[in-house]
Amino acid sequence: MIEIEYIVKDSRGVERLRTADKKAADAYDRMLENAERLAQWLRKGSVLPNLPDTELEELTLHLARHARDVELILKGKPLQSAAEPAPERERGTVTPIKSGSGSAG
């Protein structure tokens, strides 16, 4: 039996996710790219100049992970109720690999 495993790494080469689900790997890769762009934008604009890189990474990953909610907030629309079940694609069994060291760049 052949099994294909997708490995998603961040821009520093740190492994962040392993999955057999190509769609999940692609979605996670896009989320990482969006988080990195957010971090660059925040640093360039000197919005959070003293925030440690690890905390900036945590913040931007959270914002990228919840991009739909952020979009609704920015449009002045109400968020979906927490009682509503998450869409199927957000309930997957994919678990990101946490990085224990390093800094966002």
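This text follows the structure it describes.
Since the model is a prediction, treat every value here as computed from it, not as a measurement.

The full count for this structure, using the stated rule, is 9 salt bridges. The closest approach of N and O atoms between Lys-22 and Asp-26, which form a salt bridge, is 3.0 Å. Here Asp-26 and Lys-22 lie together in helix 1 (residues 22-44), a separation of 4 residues that amounts to about one turn. Overall, the relative accessible area of 32% leaves Asp-26 in the partly exposed class. Taken together, the shared-partner salt bridges in this structure form one network comprising Asp-10, Arg-12, Arg-16 and Glu-57.

As a further point, take the pairing of strand 2 (residues 15-19). Pairing of strand 1 (residues 6-9) with strand 2, which is carried by 4 bridges, proceeds in the antiparallel orientation. Counterpart to Lys-9 in the pairing with strand 2 is Glu-15. Hairpin geometry of strand 1 and strand 2 is characterised by an intervening segment of 5 residues between the two adjacent antiparallel strands and by a positive phi of about 90° at Gly-13.

In this structure, Ser-46 takes a positive phi of about 55° despite not being glycine. Mapped onto the secondary structure, Ser-46 falls in the loop between helix 1 and helix 2 (53-65). By relative accessible area, Ser-46 is classed as partly exposed at 48%.

What counts and how
- Residues numbered from 1 in each chain as written.
- Predicted model: local features only at pLDDT ≥ 70, side-chain atom pairs only at ≥ 80, totals over all residues.
- Heavy atoms only, no water.
- Salt bridge = Lys/Arg side-chain N within 4 Å of Asp/Glu carboxyl O.
- Helix = DSSP H or I, 4+ residues; strand = E, 2+ residues; numbered from the N terminus.
- Buried < 20%, exposed > 50% of the residue type's maximum accessible area, 1.4 Å probe, protein only.
- Pairing = 2+ DSSP bridges.

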